[in-house]
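Residues per chain, in single letters:
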Amino acid sequence: MDRTASRSLTALAAVVATAAVCLAGPQAASASSACDSSLVAPAGSLIGGLWRSNGGERSVFGCPTTKEFGYPDKKGSWQRFRNGKIVWSPNLGNGTLVRVFQKGGKVVFKWSGLGRDWDYFNVRWSKDGGRATQVEVGRLTPWSGQYRKAPYVQGGIGTTTNGHGFDTFAFVVQGCDRTTFGSDCGPWSIPTSISLSH
């Protein structure tokens, strides 16, 4: 083999080795940060579908920390994640999902898949099981919306703690229509909650 052919083979081997490293790198990184597969909701789960469609482990929720559980006294299910919780609330429509997570220093409560067209939404939130505060929220679509709050700044929540090093915020939502004589509202969702350390 002449010197030129030898150099070509050496260069080709270097290119192949570099490509192998590039291909192996993301897989190795993904494997080290992958979620516990035994906690990931199976195909067909609305909660699992929402989590996957938002980016899975790279989503605002992060990896699941529990399995998906049903409720003993009603239809529906819930699952906790590193950064929040997702609840299937079929009493508002078979595709209704409510979820809460922390993003950018705010608590974000979102809902989607409500079974019909609503004019606006009522949200109730409470801290550590205390008195609920109700706010009216405009819709993103006729069947979805969101409510954001800075947990220690706005809305009169204050900076007091429950003595346990974390605060738990719970949320529910209902859809409402404006009528000639006021409002006609549907049922409240199954509650969802998030605990924040301080």
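Our structure is the block above this text.
Residues numbered from 1 in each chain as written. Predicted model: local features only at pLDDT ≥ 70, side-chain atom pairs only at ≥ 80, totals over all residues. Heavy atoms only, no water.

(A) Structural detail: the overall build of the protein chain. On a plain count of helices and strands, the protein chain comes out with two helices and eleven strands. Walking the protein chain from its N terminus toward its C terminus, one meets helices and strands in the order α-α-β-β-β-β-β-β-β-β-β-β-β. A total of 198 residues make up the protein chain; the buried ones form 38% of that total. Partitioning the contacts of the protein chain with sequence separation of at least 6, the portion at a separation of at least 24 is 52%. Surface exposure of the protein chain reaches about 11000 Å², of which carbon and sulfur atoms provide 56%. (Helix = DSSP H or I, 4+ residues; strand = E, 2+ residues; numbered from the N terminus. Buried < 20%, exposed > 50% of the residue type's maximum accessible area, 1.4 Å probe, protein only. Contact = heavy atoms within 4.5 Å. Areas by Shrake-Rupley, 256 points an atom, 1.4 Å probe, with all protein chains shown as cover.)

(B) Spotlight on helix H2 (residues 46-53). Taken together, the buried positions of H2 are Ile47, Gly48, Leu50 and Trp51. Considered in projection along H2, the buried side chains sweep an arc of 160 degrees and stay on one side of the axis. Residues of H2 that are buried sit in contact with strand S2 (77-81), strand S3 (84-88) and strand S4 (97-103). Structurally, the start of H2 carries an N-cap: the backbone nitrogen of Ile47 is 3.2 Å from a side-chain oxygen of Ser45. In the segment just after H2, Gly55 is the residue with positive phi, at about 115 degrees. (Arc of directions from axis to C-beta. Polar contact = N/O pair within 3.5 Å; in protein donor to acceptor, adjacent residues only side chain to side chain.)

(C) A look at the environment of Leu50. In this fold, Leu50 is placed in helix H2. On the basis of relative accessibility, which here comes to 11%, the residue Leu50 falls in the buried class. With 36 residues separating them along the chain, Leu50 and Ile86 place their C-alpha atoms 8.8 Å apart. Once residues within four sequence positions are removed from consideration, Leu50 is found in contact with Ile86, Leu97 and Arg99.

(D) Layout of the state of the cysteines. Considering all chains together, one arrives at two disulfides under this definition. In this model, Cys176 is linked to Cys185 through a disulfide, with the two sulfur atoms separated by 2.1 Å. A torsion of 110 degrees about the S-S bond marks the disulfide between Cys176 and Cys185 as right-handed. Judged by relative accessible area, Cys176 falls into the buried class, the value being 0%. Counting only the cysteines that form disulfides, in the order they appear in the protein chain, gives the pairing 1-2, 3-4. (Disulfide = S-S within 2.5 Å.)

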